[in-house]
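Close look at the chain arrangement
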Amino acid sequence: MLKVVKFGGSSLADAAQFTKVGNIIKADKSRRYVVPSAPGRRYSGDTKVTDLLYACYSKAEVDADFSNEFGLIKNRYSEIIKGLSLNISLDKDFEEIEKNFKAHIGKDYAASRGEFLNGKLMAAYLGFTFVDAASVVFFDKEGEFDADKTNEKLGKTLAKLETAVIPGFYGSDANGNVKTFSRGGSDITGSLVARAVHADIYENWTDVSGFLVADPRIVKDPVPIETITYRELRELSYMGASVLHEDAIFPVRIEGIPVNIRNTNCPDDPGSWIVESTGKKSKYTITGIAGKKGFCSINIDKDMMNSEVGFGRKVLQAFEESNLSFEHMPSGIDTMTIFVEQKAFIPHEQQVISAIHRLAKPDTIDIESDLALIAIVGRGMKNAHGTAGRIFSALAHAHINIRMIDQGSSELNIIVGVANSDFEKAINAIYNIFVLTQM
C-alpha cells in the first residue's frame, strides 16, 4: 500500500497542528509522500501566510517598506520551529526571499514561499527528504501546465526516495521562474504526486470530515457524502462546492486513484471517498447540491428559429466577440436563453446585444439579472423516476418561481435557475425533499 497525503493550511497553522499531522503520518507507514500547504489561519480573524506574502510583495513592488509584514511571516515560522523544538534555521531562506522581493522577482515567487518554507519545516520534523516543487512541476512557455514533463520528472525523482515532502501550489516555467497554480493549488500538486508514484490512495487532509450533501452555511447539519464519483464531484465543484480544487481530479482520474477527504482534527472519521465509479448505491437519490448567485439570462426570440441553420452559432459569436463564456443555453422552438456571469456581462451588455442583432437578427431580446443557478447532482438520478417533478414540487411548496431548468444528457445533474433572493430557500427545499423526507 502506498499513500500520498496532502495537508491544507488549517492543518498546518501552528506547532500544535503540525504535531497532529505528524501523528497521522507516523500512524501509517504507507503515508510516504507528503504535500503541505502554507500555514493557514490559527483563529478567526487571523491572516494566512500566503496573504501576508501577497501584502509584502505589493509593498516591495513599489519599493515601500515591507519589514512589518515580513516580520510577521518570520514570527509565524519561528513559533512553529520553537513549538516543535526543531533544530533548523530559515534565516538564509528569509535573506534570499527579502533580496528577491526587493528585486521584484515576481508575484508567483512571493506567493509560493509559504509552501516552500512549510515544506522545509515538515521535512525536518518528519525526517523526510525535501524536494523543491520548482524542480519537478513544470509549466510550458505559454504558461500552461506541462503534465507529461511533470509526470516523468516527478516519477523519476520520487522513485529514488523512500519518503519525501513536496510543497504544494507551485512549479517552474520554461525560463526556470517560479509559477503557481490558482489558489488552492496544493490539491493539484498532491494529485500530481499520487499519479507519478502510482499511489493506491491519495489522502487529502483538511478541516472538515469530507463532503456534505449541501453547504452547511445554508443547510443546518447536512448529512455527509460517503462516496462520490469524479464526474459528480466535477459538477458540484464547478457550481461552488470547494472542499477540493476542481482541477485536482484530472491527474488521479488518469490512474484511477481513489481520493479520501479526511479531517486532521478528527482523524478517526472515515471522511468521503472520491472514485471513478462504484457499484455502491447512494443512500439518497441525489449525491449533492451546490450553486452560485450572480447570473444574467439573455432571452432571445425569433420566429422559425429552429429552421434557421447557424442561428445558435451566430448568437454565440456575439458573446465570443466580447470574450465572454456562457454557463447554460436552454432553448425552445422559437426561443434561446443564454446564462452568463452577471459581473462579466454587464460591462459588455450593449455591445453583445448589438452584435446579436447584427449577426442573428432576432425579433426581441430580453435580459433578466440577479439570478442564481443550483445544481442537483447524483448518479442515482438516472434510475429514479420523477426527479425533476420532485424538484418542481419542492420549490412550488416553498413559493419559489423557477426561471430555468436544464438536465444534462448523462442524467447526472439537473440545473435550476431561481432569483438570487430565493437561493438559500431553494437549496433548503431541495435538500428537505430528497434527504429529510426522502419522498
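Owing to the predicted nature of the structure, the values given are computational and were not obtained by experimental measurement. In this numbering scheme, every chain counts its residues from 1 along its sequence in written order. Residue-level local features of this predicted model are given only where pLDDT is at least 70; pairs of side-chain atoms are given and counted only at 80 or more, and the full residue set underlies all totals for whole chains, interfaces and linings. Side-chain figures throughout are based on the complete set of non-hydrogen atoms in the structure, without hydrogens or water.

A count of helical and extended segments in the chain gives 14 helices and 15 strands. What the globule rule says is 2.2 Å times the number of residues to the power 0.38, and the radius of gyration is computed from C-alpha atoms. Taking 22 Å as the expected radius of gyration for a compact globule of 439 residues, we find that the chain reaches 24 Å, a close match to that expectation. Projected onto its principal axes, the C-alpha coordinates of the chain cover approximately 75 × 50 × 40 Å. Note on exposure labels: buried denotes an accessible area under 20% of the residue type's maximum, exposed denotes more than 50%, and partly exposed covers the range between, all computed with a 1.4 Å probe on protein chains only. When each of the 439 residues of the chain is scored for burial, the buried share is 51%. The criterion used for residue contact is that any of the two residues' heavy atoms lie within 4.5 Å. Considering only contacts within the chain whose residues lie at least 6 apart along the sequence, 75% involve residues at least 24 apart. Helix numbering and strand numbering both begin at the N terminus, where a helix is a DSSP run of H or I of at least 4 residues and a strand a DSSP run of E of at least 2.

Mapping N413 onto the fold places it in strand β15 (residues 413-419). For the pair formed by N413 and T287, sequence separation is 126 residues and the distance between their alpha carbons is 9.8 Å. At 3.3 Å, the side chain of N413 forms a polar contact with the side chain of E235. Nitrogen and oxygen atoms within 3.5 Å of one another constitute a polar contact, given that in protein one can donate a hydrogen and the other can accept it, and given that sequence-neighbouring residues count only through two side-chain atoms.

Helix span, as expected, comes to 1.5 Å for every residue beyond the first. The end-to-end C-alpha separation of helix α5 (residues 107-126) is 30 Å, in line with the 28 Å expected for 20 residues at 1.5 Å each. Here the bend at each residue means the angle between axes fitted to two seven-residue stretches, the one ending at that residue and the one beginning there. The largest bend in α5 amounts to roughly 35° and is located at R113. In terms of burial, α5 is a largely internal element, 16 of the 20 residues being buried.

This part is about helix α4 (residues 91-102). Across its twelve residues, α4 extends 17 Å between first and last C-alpha, which sits within 8% of the 16 Å expected from 1.5 Å per residue. The set of residues buried in α4 consists of D93, F94, I97, N100 and F101. Along the axis of α4, the buried positions cluster into a sector of 125°, meaning they face one direction only. Those residues of α4 that are exposed and angled more than 90 degrees off the buried face are K92, E95, K99 and K102. Following α4 by one or two positions, H104 adopts a phi angle in the positive range, close to 55°. Of all possible arcs, the one meant is that of the directions from the helix axis to the C-beta atoms.

On to the sheet that holds strand β11 (residues 288-301), then. Taken together, the five strands give an open sheet; going across it, the order is β12-β11-β13-β15-β14, and neighbouring strands pair in antiparallel fashion. At either end of the open sheet lies a strand with only one pairing partner, and these are β12 (335-341) and β14 (404-407). Sheet twist, expressed as the average angle between the axes of neighbouring strands with direction ignored, equals 35°. Note on pairing: DSSP must find at least two bridges between two strands before they are called paired. As judged from the seven bridges shared by β11 and β12, these two strands associate in the antiparallel manner. Each residue of the ladder has a partner; that of I300, found in β12, is M336. Fitted lines through C-alpha atoms serve as axes, helices being fitted only where they are in contact, and the angles separating the N-to-C directions of these axes extend from 0 to 180 degrees. Against the sheet, helix α10 (residues 311-321) contacts β11 and β12, and its axis sits at roughly 25° relative to β12.

The next subject is the packing of helix α2 (residues 49-61) against helix α3 (residues 67-84). Where α2 meets α3, the axes come as close as 9 Å, and the angle between the chain directions of the two elements is 150°. What the angle tells us is that α2 and α3 run roughly antiparallel. Classified by chirality, the crossing of α3 by α2 is left-handed. Listed contacts from α3 to V49, L52, L53, A55, C56 and K59 of α2 are E69, F70, L72, I73, R76 and Y77. For this classification, under 35 degrees means roughly parallel, over 145 means roughly antiparallel, 65 to 115 means roughly perpendicular, and everything else is oblique. With the far helix as reference, a near helix turned anticlockwise by less than a right angle produces a left-handed crossing, and one turned clockwise produces a right-handed crossing.

The subject of this paragraph is the sheet that holds strand β1 (residues 3-7). Here we have eight strands laid out as an open sheet, ordered β3-β4-β2-β1-β7-β9-β10-β8, and mixed in their pairing. Single-partner strands in this sheet number two, and they are β3 (129-130) and β8 (227-229). As paired strands, β1 and strand β2 (residues 31-36) are joined by five bridges and run parallel to one another. Counterpart to K6 in the pairing with β2 is V35. Across the face of the sheet, helix α8 (residues 230-238) comes into contact with β8 and β10 (272-275) while running at roughly 85° to β8.

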